[in-house]
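Chain by chain, the residues:
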Amino acid sequence: MDTKVIYERLNKVFRDVFDDEDITVGPKTTADDIDDWDSLEHITLINAVEREFKMKFKMGEISSMKNVGEMVSIIAARAK
């Protein structure tokens, strides 16, 4: 799957989860960049991403993700 398509779909998920149409995520986006992204919203976000891409992240993957770019890398690797 093309990373451009992944980012387009992720932007939609982030906008839905955080109820903010102005959010645009990039490879270096972190929780510090989005106001309401706390630990509880992180769980909601992960669930929404898993639903969108019809996949499940492993616990180690979730805890090691440092930014959206790493999330995209995992999604792209699984979509092959």
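Q: Please explain the packing of helix α1 (residues 3-18) against helix α2 (residues 39-53) as it appears in this structure.
A: Packed helices, taken two at a time, are described by the angle their axes make and the gap between the axes. Put simply, α1 and α2 touch, their axes get as near as 10 Å, and they point 140° apart. Classified by the interaxial angle, the pair formed by α1 and α2 is oblique. In this structure, α1 crosses over α2, and the sense of that crossing is right-handed. Of the residues in α2, those touching α1 at Ile 6, Arg 9, Leu 10, Lys 12, Val 13, Phe 14, Val 17 and Phe 18 are Glu 41, Thr 44, Leu 45, Ala 48, Val 49, Glu 52 and Phe 53. Its residues assigned to classes, the contact of α1 with α2 comprises 10 nonpolar, one polar and four charged.

Q: Explanation requested: the packing of aromatic side chains in the structure shown.
A: The relation between two aromatic rings is expressed through the spacing of the ring centres and the mutual angle of the planes. For the coordinates displayed, the defined rule picks out three aromatic pairs. Pairing Phe 14 with Phe 18 gives two aromatic rings, centres 5.9 Å apart and planes at 35°, and the pair type is tilted. Here Phe 14 and its partner Phe 18 are both found in helix α1, four residues apart, which amounts to about one turn of the helix. With relative accessibility at 8%, the residue Phe 18 sits in the buried group.

Criteria and cut-off values
Residues numbered from 1 in each chain as written. Predicted model: local features only at pLDDT ≥ 70, side-chain atom pairs only at ≥ 80, totals over all residues. Heavy atoms only, no water. Axes fitted to C-alpha atoms, helices over the stretch in contact; angles between N-to-C directions. Helix = DSSP H or I, 4+ residues; strand = E, 2+ residues; numbered from the N terminus. Parallel < 35°, antiparallel > 145°, perpendicular 65-115°, else oblique. Left-handed = near helix turned anticlockwise from the far one by under 90°. Contact = heavy atoms within 4.5 Å. Nonpolar A, V, L, I, M, F, W, Y, C, P; charged D, E, K, R; others polar. Phe/Tyr/Trp six-rings, centres within 6.5 Å; stacked < 30°, edge-to-face > 60°. Buried < 20%, exposed > 50% of the residue type's maximum accessible area, 1.4 Å probe, protein only.

It is worth stressing that arrangement in space is one thing and function is another; only the former is reported here.
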